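Take a look at the letters that make up each chain.
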Number of protein chains: 2
Amino acid sequence: MTITITAFEHSPDRGIGLARDMRIRWALEEVGQSYAVRLVSFEAMKAPAHLALRPFGQIPTYEDGDLALFESGAIVLHIAQHHAGLLPAEPGARARAITWMFAALNTVEPPIVERSMAIVTESDRPWFAARQPILDARVRDRLSQLSARLGTSDWLDGPFSAADLLMVTVLRRVNNPTLLGEYPNIAAYIARGEARPAYQRAFADQLAVFTCIPAC
Amino acid sequence: MTITITAFEHSPDRGIGLARDMRIRWALEEVGQSYAVRLVSFEAMKAPAHLALRPFGQIPTYEDGDLALFESGAIVLHIAQHHAGLLPAEPGARARAITWMFAALNTVEPPIVERSMAIVTESDRPWFAARQPILDARVRDRLSQLSARLGTSDWLDGPFSAADLLMVTVLRRVNNPTLLGEYPNIAAYIARGEARPAYQRAFADQLAVFTCIPAC
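Residues numbered from 1 in each chain as written. Chains lettered and ligands numbered in written order. Predicted model: local features only at pLDDT ≥ 70, side-chain atom pairs only at ≥ 80, totals over all residues. Heavy atoms only, no water.

## Brief notes about the overall build of chain A
Step number 1: Secondary structure summary: chain A contains ten helices and four strands in total.
Step number 2: Listing every helix and strand of chain A by position from the N terminus yields β-α-β-α-α-β-β-α-α-α-α-α-α-α.
Step number 3: Whereas a compact globule of 216 residues would reach a radius of gyration of roughly 17 Å, chain A reaches 17 Å, a difference of no more than 12%.
Step number 4: Each principal axis of the C-alpha distribution contributes one length, and for chain A these read about 50 × 45 × 30 Å.
Step number 5: When the 216 residues of chain A are sorted by exposure, 54% land in the buried category.
Step number 6: Accessible surface for chain A amounts to roughly 9,000 Å². Of this, 57% is attributable to carbon and sulfur atoms.
Step number 7: Averaging the locations of the 21 positively and 23 negatively charged side chains of chain A gives two centres separated by 4 Å. (Helix = DSSP H or I, 4+ residues; strand = E, 2+ residues; numbered from the N terminus. Rg over C-alpha atoms; globule rule 2.2 N^0.38 Å. Buried < 20%, exposed > 50% of the residue type's maximum accessible area, 1.4 Å probe, protein only. Areas by Shrake-Rupley, 256 points an atom, 1.4 Å probe, with all protein chains shown as cover. Lys, Arg positive; Asp, Glu negative; His and termini not counted. Charge placed at Lys NZ, Arg CZ, Asp CG, Glu CD.)

Structure (structure tokens):
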């Protein structure tokens, strides 16, 4: 049985690994699971065949035999629950790691995405410059709280887990060295994630999709 | 062992059940689990004792003996994994229900919260009126997709699950009958959730916190 995920045919991030398929690729590399990738165009994402898999359009999806999932957080959790290496075995530590997965996606990511989407969709609007400090402040609130909790730890709660995998991908979406540079322990935390061999393999694979278009 | 959750001492929603403790109360009522509530002031939420439990401030938290969790999604998932009634037993259906939990919190909730936060924090700004149709359109995008998928089903995917519990609480945050009225099957879906006896008990309990202040 081959696992098949979907990814952007033309990623809007130009191959810097911010698209959400990166999370799935990284998780599968961490657990040593091979997979196939089906590339999807923006048009195909809105077509009935893709919407049947993922009702809100977009990528990634995950198919394994009869099972079809969407939502990057749910897919990473599914992988982590079915392979060793991404969640602690002890029940309490496991529940805390899952808490941090939700924290990455529900508490830290929303202001980061809101800020980055404003840059993409509202930079030509008259209010853009005036709103930017408000959006920056919301991101800083979360980064300050995260930085305080992380302290000098390597990872969020004990050994590397699926929570760190998601949090690192969320933090990379800040995509602003000045802002991240205000929090040296967070910058070092992201770098620790990016240094993992599984991350490197996943990054190379998603980059290859971008660089080989349209030549291959 | 008593489960203890935290809730706002003075909820900004004035008792209409939009605060995220409602999700935990409802889940615990669905599985017939009693619990205690510790009310937290806005000042106490930013104090070290609370930040130790929940690094990003806010409520709810969940304590059960040595286990301390935060994030409403993670807490609902934890309750659903440890009691029958909120997740299907069959592994594929269970994974799909968890996918919908993430979809509620990561795909449907962000534009709804962004729109409602703009009303709270930016209504006195010069750009407020011009941005409102943009924010409404983002919410409509998600509601349209959800409405198309829901169709004439009672619940998202088979019997009522933790995914419906989260989705209904997310949709209630739209808090705008005109907007929700454009999607009759979503309005009916919310009403089905609200009609459940467990929802009613949870709602009454959170309302009692609001109405009895400062008399009790």
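## Topic: the sheet that holds strand β1 (residues 3-8) of chain A
Residue and element names in this part refer to chain A.
Step number 1: Strand order in the open sheet formed by four strands is β2-β1-β3-β4, and the pairing between neighbours is mixed. The open sheet has two free edges, formed respectively by β2 (36-40) and β4 (67-70), since each of these has just one partner strand. This sheet shows a mean twist of 20 degrees between the axes of neighbouring strands, independent of strand direction.
Step number 2: Here three bridges tie β1 to strand β3 (residues 61-64), and the two strands are oriented antiparallel to one another. Across the sheet, the residue bridging to I5 is Y62, located in β3. (Pairing = 2+ DSSP bridges. Axes fitted to C-alpha atoms, helices over the stretch in contact; angles between N-to-C directions.)

## Things to note about the packing of helix α1 (residues 21-30) of chain B against helix α4 (residues 72-82) of chain B
Residue and element names in this part refer to chain B.
Step number 1: α4 packs onto α1 with a crossing angle of 5 degrees between their chain directions and a minimal axis gap of 9 Å. Classified by the angle their axes make, α1 and α4 are roughly parallel. Two secondary-structure elements touch here, α1 through R23, I24, A27 and L28 and α4 through S72, I75, V76 and I79.
Step number 2: For the contact of α1 with α4, a count of residues per class yields six nonpolar, one polar and one charged. (Parallel < 35°, antiparallel > 145°, perpendicular 65-115°, else oblique. Contact = heavy atoms within 4.5 Å. Nonpolar A, V, L, I, M, F, W, Y, C, P; charged D, E, K, R; others polar.)

## Topic: the environment of L39(B)
Residues and elements named next belong to chain B.
Step number 1: If you trace the backbone, L39 turns up in strand β2 (residues 36-40).
Step number 2: Distance in space between the C-alpha atoms of L39 and R142 is 33 Å, their sequence separation being 103 residues.
Step number 3: Once residues lying within four places of it in the same chain are set aside, the contact partners of L39 are A7, F8, E9 and V209.

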